[in-house]
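Below, each chain spelled out in residue letters.
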Number of protein chains: 4
Amino acid sequence: MEYLPDDKLHEECGVFGIYAPYPRQVAHDIYCGLTALQHRGQESAGISVSDTRGPMGNIATVKGMGLVSEVFDKAGINGLTGNIGVGHVRYSTTGGSLPENAQPIAMNYIKGCLALVHNGNIINAAGLKEEQMYRGQAHYTTSDSEVLAYEIISERVRSDSIEEAVKRAALKLKGGYAVIIMSPRKLVAIRDPYGIKPLALGEKDGAFILASESSAIRSAGGKLIRDVLPGEVVTVTSEGIESDRSLCGKKEAHCIFEYIYFARSDSVIDGIEVRKARFMAGQALARHDRVSADIVCGVPDSGLIAAEGYAAASGIPFNIAFHKNSYIGRSFIKPTDEERRLAVHMKLNVLDSVVRGKTIVLIDDSIVRGNTMRQLIEMLRASGATGVHVRISSPPFLYPCYYGTDVPSKGQLIASEHSTDEVRERIGADSLAYLRPEDLGEMAPGLSLCSACFDNDYPVL
Amino acid sequence: MEYLPDDKLHEECGVFGIYAPYPRQVAHDIYCGLTALQHRGQESAGISVSDTRGPMGNIATVKGMGLVSEVFDKAGINGLTGNIGVGHVRYSTTGGSLPENAQPIAMNYIKGCLALVHNGNIINAAGLKEEQMYRGQAHYTTSDSEVLAYEIISERVRSDSIEEAVKRAALKLKGGYAVIIMSPRKLVAIRDPYGIKPLALGEKDGAFILASESSAIRSAGGKLIRDVLPGEVVTVTSEGIESDRSLCGKKEAHCIFEYIYFARSDSVIDGIEVRKARFMAGQALARHDRVSADIVCGVPDSGLIAAEGYAAASGIPFNIAFHKNSYIGRSFIKPTDEERRLAVHMKLNVLDSVVRGKTIVLIDDSIVRGNTMRQLIEMLRASGATGVHVRISSPPFLYPCYYGTDVPSKGQLIASEHSTDEVRERIGADSLAYLRPEDLGEMAPGLSLCSACFDNDYPVL
Amino acid sequence: MEYLPDDKLHEECGVFGIYAPYPRQVAHDIYCGLTALQHRGQESAGISVSDTRGPMGNIATVKGMGLVSEVFDKAGINGLTGNIGVGHVRYSTTGGSLPENAQPIAMNYIKGCLALVHNGNIINAAGLKEEQMYRGQAHYTTSDSEVLAYEIISERVRSDSIEEAVKRAALKLKGGYAVIIMSPRKLVAIRDPYGIKPLALGEKDGAFILASESSAIRSAGGKLIRDVLPGEVVTVTSEGIESDRSLCGKKEAHCIFEYIYFARSDSVIDGIEVRKARFMAGQALARHDRVSADIVCGVPDSGLIAAEGYAAASGIPFNIAFHKNSYIGRSFIKPTDEERRLAVHMKLNVLDSVVRGKTIVLIDDSIVRGNTMRQLIEMLRASGATGVHVRISSPPFLYPCYYGTDVPSKGQLIASEHSTDEVRERIGADSLAYLRPEDLGEMAPGLSLCSACFDNDYPVL
Amino acid sequence: MEYLPDDKLHEECGVFGIYAPYPRQVAHDIYCGLTALQHRGQESAGISVSDTRGPMGNIATVKGMGLVSEVFDKAGINGLTGNIGVGHVRYSTTGGSLPENAQPIAMNYIKGCLALVHNGNIINAAGLKEEQMYRGQAHYTTSDSEVLAYEIISERVRSDSIEEAVKRAALKLKGGYAVIIMSPRKLVAIRDPYGIKPLALGEKDGAFILASESSAIRSAGGKLIRDVLPGEVVTVTSEGIESDRSLCGKKEAHCIFEYIYFARSDSVIDGIEVRKARFMAGQALARHDRVSADIVCGVPDSGLIAAEGYAAASGIPFNIAFHKNSYIGRSFIKPTDEERRLAVHMKLNVLDSVVRGKTIVLIDDSIVRGNTMRQLIEMLRASGATGVHVRISSPPFLYPCYYGTDVPSKGQLIASEHSTDEVRERIGADSLAYLRPEDLGEMAPGLSLCSACFDNDYPVL
């Protein structure tokens, strides 16, 4: 949830779609929804709506680089009329920060036009793209979302409906994905058969909403109905909702990192409250821990809830130990090493009275490179902390993700290159412990999870 | 050459390409060339250059809405390295003012990537587009240029080279066009077999240049070598220039309106100096005219040279009668009828001392709707002119253009709906005469012309 | 600390100054400091630095409307060289949102030039302004800061130094203020004799820093030395620091609202840690409270620490009950009543698992209009809270502030117009209690406070 | 009238004011008027209008860097209501390109508020400024316009009206100036007693207009009434116009350069049509010239009319020899020497057919540094001209201007440092001749002129 280069993993996207079966300017709802999903991607934002006046086949699109509030001003939103729409926020992987890659992808094709938004990663995109190119299909972007769009329109010719084409296309796709496609008359959504990526269905004033997280439905003023099922194709028309579950039934593998870090703590994903999952992780951490300390603190914002859980289970009091400055913009001045150090100071400051003379259990949700953690520990000690015991509410991060998470190269994963004790020394902690892999399941009881980044067990390759 | 809604026809585009067989930042040359071609299109501008660092298949593109000087700032141009490049300025037809339609069109396809710039119109684009869409080729724009690009990449699969694909594609195209395509290693240009649209070849510091007009080559500091021949495919590589003339040999039909109005007066097109052509048109006008007047004046800028010619042939002295304000931007305030009237006043003011007490021959290159002319005559009379005889250095504009000129609907063509005497009365002139169609040829001696807009004789349909 | 129209009071400004007795581009330090002070004002930002190349008497100024990160890009900051500088962030009162009012105020006057930044309010500004205008001094702004600047330069003629002029001017000023003035060779700061407004002195790499809050010194990489004393004039030159305390000795009256809400929780003001003050207020609240509840929650961000204190004193567990979205920009779309409701939803969402089936003590630092609180309570109940007991960590807000805080008109102060029970009913709480006025002192033991907004006892009028 | 660094002198400003004695949004009229005055200054633009809602004492101001069309968009203009207003365009002298210096200058002072626009230069501004500063009047700009404003408000205290204060202030001012001042209820204008700077009075739809040039009145849809007299104070109120001529009667000294270059050719200044003056200068040049040549050409735009006059008097035919590109923006890419050369090519191209094989008389209005002329002659020869005889329609420029014209330092004035023959050699002409000083008077028969830049005879110092 950070603006600055930091030690966190990054989700690549958030998607939002809405169908109002009556005149309604849904662009306003999408704006609210995307703002609520902004933590999933801050590089670009875009909205497409049905627009019979639109020269591009009845779909009008506005997209651009930057935050939702930067891409859309009042005039821009008000110009987007129409009762059906999709929206997207995007975080880019290294090297792919291209205006061309902003979504929605809006295309004219033989059956009319569509706009598509996508969260996730298609593992076999390269192969599909080559086949597409042999068929003469040009690519204007470097994204796998365009590959996905082409698979759908290619199937559309031999399908009776867009939703059938989506299903046929899905048979060829490997990976984790949540996709929403709009035509000028329909909204179609699909979630990958493993349920790797989240997708929720909601309702507001008689309109149906699809969104990466339930919190976006709620922030837009709506109510969560249920999650789209792994493999389910949901179609919204003026007649209401249709569900095609013929692709369902695979072994599920829900991304554990949504619970650990990506999702907003107020979201409910696949029946599990994210806040509760994080609290449970903190509790599980404490259960096997025998450290003696005065207070438990969390690294804002992501470590706070696990810290609450740890405190509840350990009996050590929970305290907020950092002030976080939320005004740090993207135009930071000198990204030199010295200033990167300063950047942490600008974002987080220690509340001295909390930590002075105290031994602290410091909880964070994960360690990727370890740089920020080292600095925070220094800051705590400078403020008078007498001991800092770091506890991570997930296991060591060891393996790459192929489903759409931006992971640094292996050499930059501190846990992959160093033993736990070496990591402890590098970050300057008095002790360091992780959540035990076997306790991961406690975060999401009854749910089948993908935890490949911890255990190398990939559901689909 | 105007900014405001006016009575002129509009060219749709200008193209520019350059290949330097050595390290050179050609984006600067393209910037100069596009600035020189700005009169051909003010809606959008774009540049693509070879860029091995580029994530989009080694071609980097910057494009946007507005003038060249608005789309590119210093930083933007300096970021575009590379020794091969193409550029484009675009004027949009009604309803097509879309950011998506800005060029160059940059695509990844099975053989790599290309960027394409296009001036002209493909008459059979709709049919080709439908075929393309049946093949699964999606369209991101509403332009025929994308149709053209798809024809080329579709042919590329069964061709040995991009230039062969361009030639094969050309066999399917009907219309007038000048196209420049760049790959990361080549520059390929083609001119339609009728030579409807202009395309010149030049040289600067060992680099080869292709441009819609010779004036752009000159403004960029280069020299005109020759015109690309109708139907010729020119390929520039590190080895130099290759010419494929196997499509040449059709009956030529060079657009007469380039000489009348579109091209800069300092350009040379197909061996004819544009300034000379306009001067000759003025002379031809005078030859059959018996009006008695004190002075000859031209409507700036396009009517000035014909007025010089008329003056030379008639012996009536030539005088500049209008001051033109070149600072009128696009953000004019109230486009109401009253303000549209004011707009002419803001752009052109009469030099009273020139016209006071004088009978004037007023020359313009063409009349489309007649609104501006009516106002100018009112202004001249208000400044004391005792008579205004309007002479138009082209025949009455009667028929639409299918080759890329933005023509108003027939009902708005004043000469199509009204007799010459009715037109005279509407614009308030004392007399009105046009260039005789049979004299058109004097503008471009020895050249085979397309004058379909005057005589309904279309070279290709 | 909010972006949207809300129920909070607003501080009007933050000031920052730095003097490096060696070549150093202090604009970078000021940028960091202002970012840390952004919560004190989001309307405009500005920086002045010494610049011998500057045409305006050796001081160069950049200022504009918006956040620090919006007003200053990298190029803008890098263009501001110089080793002495001041900066300002401003929140505007209703009606005064003028570009002209952005600070620093940079003036040329008889002794050279100066730039001034000011936090606070001069009560007798109107009278002084009239005197100034009688003397022929024109005003370019509507701010009392310009009045202040004119008093200083008026005194400068009969003073030996700028610091003497500052002191002389101060004798005429009534109100609360913290002011930093730079000449091209000096930095002079003054704090009002009552110490109403805060001003801290720090050090970084041999440079002296003055700032509204110690957290800004720390975020800029420096260390707090001490607070500037009430009435003290501090002068920084290449020789070091000089202190003139001849105006000191008045009865002090430090603004209690800095501790309650304005200041960052990581700041230390007049020896009191702000976080600790808020924690103590929470403790004091609890001490006289007999409510029975399951959990204590705070309204983010300002109520969180008091909630921690309440929890510690009451033994009721503290929990984070809201997710806060920090990506809500200023360009929110439709500021209608319905959307204003939505705005709270977009900013704060309830963490259901925390509150479901629970009776809650909900802590906030203050209630101004009561609108947000009513909505939060609705949201908590909708999420399953069985009881909501509101506790405010300050007394009822009843009287206006004359020292620079933006207070709504009396009719909008809910506590001023309604009894506590009426307020309780309007916000929909099960019970409502405030901090007792007699307990205010516990927040800042040993400090003489201004709590006029609660008790109508103004230190200076 | 140029955008690029060039060889021309620069006027520093254009002013416009309007008073409509009925509800009318005069900002639109001012926008039109300033656009017509854009040639007098392209650095900044601004408009002030009466606005009872305005927080700054009933005057609302918008100003900024750039062209009129860049500073004001539709929304900006529409936000400026009010029936009284003034506007300004500004060209800056070297080093003074400061946002602070944009006009109107809007001030609050003891009697209310005013906005002031100024063209010209106050010679004794430095002395007055020092006196003002001694009185405690701070300066926010480096311009003499602020000095002027302070003189007026200083006199206002002891005057019965703003117009009386203006007149009193004028008694202290030395220099050339045309000033318009608005209060929320009046419009007052003054022209310096020598009439150095122009100021015209006009009328449109019952509203009175004041403007630097009559062409601005006409472009805004109005009619010229007369020139403001040298020394006249004109006051416009709801009662109509009042004229105070008590300062009139000095020996007049109208700036000759308005006729030579600054003013638009369609303006009438002090009864003399500018176009006619330029035509006469060309005639006078020819009268003493015995050169034998084929054609006469002018350097666009300023040399064209003098060329017409030369042609008329000499019998040598006049021809337009250059195409001028009016699309060259301010963001030119590389201002290196090589690119500066290119810049001339981008702006002006030779029409080859006009000059090929011809001996040319090339007319320009003045030579300042000589760089552009050298290049143009090279270009003409490259296009086949067999001889180039340069004739300048003004005498050699030898002395600085103290009245508001931006003149390069003496060392850069080619005529000041070199003999006519040396200049001829440097620019590469076959011959070179200037207008004889004794013929200057022919441009403006019966008018008393300031030609100090040619003859060192300054009307006021």
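Below you will find a few notes about this structure. (Residues numbered from 1 in each chain as written. Chains lettered and ligands numbered in written order. Predicted model: local features only at pLDDT ≥ 70, side-chain atom pairs only at ≥ 80, totals over all residues. Heavy atoms only, no water.)

1. Looking at the relation of the copies chain B and chain A
Part 1: Least-squares fitting of chain B to chain A yields an RMSD of 0.0 Å, with the transformation described by 0.0 Å of translation along the axis and a rotation of 179°. In short, the pair behaves as if placed about a two-fold rotation axis. Residue Gln137(B) of chain B places its C-alpha closer to the rotation axis than any other residue of that unit, at 2.4 Å.
Part 2: When the interface residues of chain B are mapped onto chain A, 96% of them again lie at the interface, so the same face is used by both copies. (Least-squares fit on C-alpha atoms with pLDDT ≥ 70 in both. Contact = heavy atoms within 4.5 Å.)

2. What about the sheet that holds strand S2 (residues 44–50) of chain A?
Residue and element names in this part refer to chain A.
Part 1: With respect to topology, seven strands assemble into an open sheet ordered S3-S2-S4-S1-S10-S9-S11, the strand pairing being antiparallel. Two strands bound the open sheet, and with one partner strand each, they are strand S3 (59–65) and strand S11 (223–227). Across this sheet, the average inter-strand angle for adjacent strands is 15°, counted without regard to direction.
Part 2: Taken together, the five bridges between strand S9 (residues 200–204) and strand S10 (residues 207–211) define a ladder with antiparallel strand orientation. The residue of S10 that forms the bridge with Lys 204 is Ala 207. (Pairing = 2+ DSSP bridges. Helix = DSSP H or I, 4+ residues; strand = E, 2+ residues; numbered from the N terminus. Axes fitted to C-alpha atoms, helices over the stretch in contact; angles between N-to-C directions.)

3. Some thoughts on the sheet that holds strand S3 (residues 59–65) of chain C
All names here are of chain C.
Part 1: Spatial ordering of the open sheet is given by S3-S2-S4-S1-S10-S9-S11, a layout of seven strands whose pairing is antiparallel. Whereas interior strands pair on both sides, the edge strands pair on one side only; in this sheet they are S3 and strand S11 (223–227). Going from strand to strand, the sheet's axes swing by 15° on average, the running direction of each strand aside.
Part 2: Summarising the sheet, strand S1 (residues 13–19) and strand S4 (residues 84–90) pair through seven bridges and their orientation is antiparallel. Following the sheet pairing, Ile 18 is matched in S4 by Gly 85.
Part 3: Docked against the sheet, helix H1 (residues 26–36) engages S1, strand S2 (44–50), S4 and strand S9 (200–204), running at close to 155° with respect to S2.

4. Details of the side chain of Ser219(D)
Part 1: For Ser219(D), the location among the structural elements is in helix H7 (residues 214–219).
Part 2: Residues within four places of Ser219(D) in sequence aside, it is in contact with Leu342(B), His345(B), Met346(B), Asn349(B), Cys32(D), Ala36(D) and Arg264(D).

5. Some points on the interface of chain A and chain C
Part 1: In this complex, chain A contributes 57 residues to the contact, which on the side of chain C involves 56 residues.
Part 2: Of the roughly 4900 Å² buried between chain A and chain C on both sides combined, carbon and sulfur atoms contribute 54%.
Part 3: If you look at where chain A meets chain C, you find four salt bridges.
Part 4: Note that Arg218(C) and Asp352(A) form a salt bridge whose closest N and O atoms lie 2.9 Å from each other.
Part 5: Tallying contributions element by element places helix H1 (residues 26–36) of chain A first for the side of chain A that touches chain C, with five residues. (Buried area = accessible area lost by both parts, 1.4 Å probe. Salt bridge = Lys/Arg side-chain N within 4 Å of Asp/Glu carboxyl O.)

6. Topic: the packing of helix H9 (residues 274–287) of chain C against helix H10 (residues 304–314) of chain C
Residues and elements named next belong to chain C.
Part 1: In contact at an axis separation of 6 Å, H9 and H10 are set at 45° when each is read in the N-to-C sense. As summarised for this structure, H9 and H10 are arranged oblique, according to the angle between their axes. When you trace H9 past H10, the crossing you get is right-handed. In this structure, H9 uses Arg 275, Arg 278, Phe 279, Gly 282, Gln 283, Leu 285 and Ala 286 to contact H10, whose residues at the interface are Ile 305, Ala 306, Glu 308, Gly 309, Tyr 310, Ala 312, Ala 313 and Ser 314.
Part 2: When grouped by side-chain class, the residues that make up the contact of H9 with H10 number eight nonpolar, four polar and three charged. (Parallel < 35°, antiparallel > 145°, perpendicular 65-115°, else oblique. Left-handed = near helix turned anticlockwise from the far one by under 90°. Nonpolar A, V, L, I, M, F, W, Y, C, P; charged D, E, K, R; others polar.)

7. Describing the packing of helix H5 (residues 144–156) of chain C against helix H6 (residues 162–172) of chain C
When two helices pack together, their arrangement is captured by the angle between the axes and the distance separating the axes.
Residue and element names in this part refer to chain C.
Part 1: Close contact between H5 and H6 brings their axes to 8 Å; oriented N to C, the two are set at 120°. Looking at the two axes, H5 sits oblique to H6. Taken as a pair, H5 and H6 cross one another with a handedness that is right-handed. Counting all contacts with H5, which are made through Glu 151, Ile 152, Glu 155 and Arg 156, the residues of H6 involved are Ile 162, Ala 165, Val 166, Arg 168, Ala 169 and Lys 172.

8. Focus: the environment of Ala284(B)
All names here are of chain B.
Part 1: Structurally, the position occupied by Ala 284 is in helix H9 (residues 274–287).
Part 2: Expressed as a C-alpha distance, the spacing of Ala 284 and Tyr 91, which sit 193 residues apart in the sequence, is 31 Å.
Part 3: Those residues in contact with Ala 284 that sit more than four places away from it in its chain are Leu 435, Asp 439 and Glu 442.

9. What to know about the relation of the copies chain A and chain C
Part 1: At an RMSD of 0.0 Å, chain A and chain C line up after a rotation of 180° and a shift of 0.0 Å along the axis.
Part 2: A symmetric contact is evident, with 98% of the interface residues of chain A recurring at the interface of chain C.

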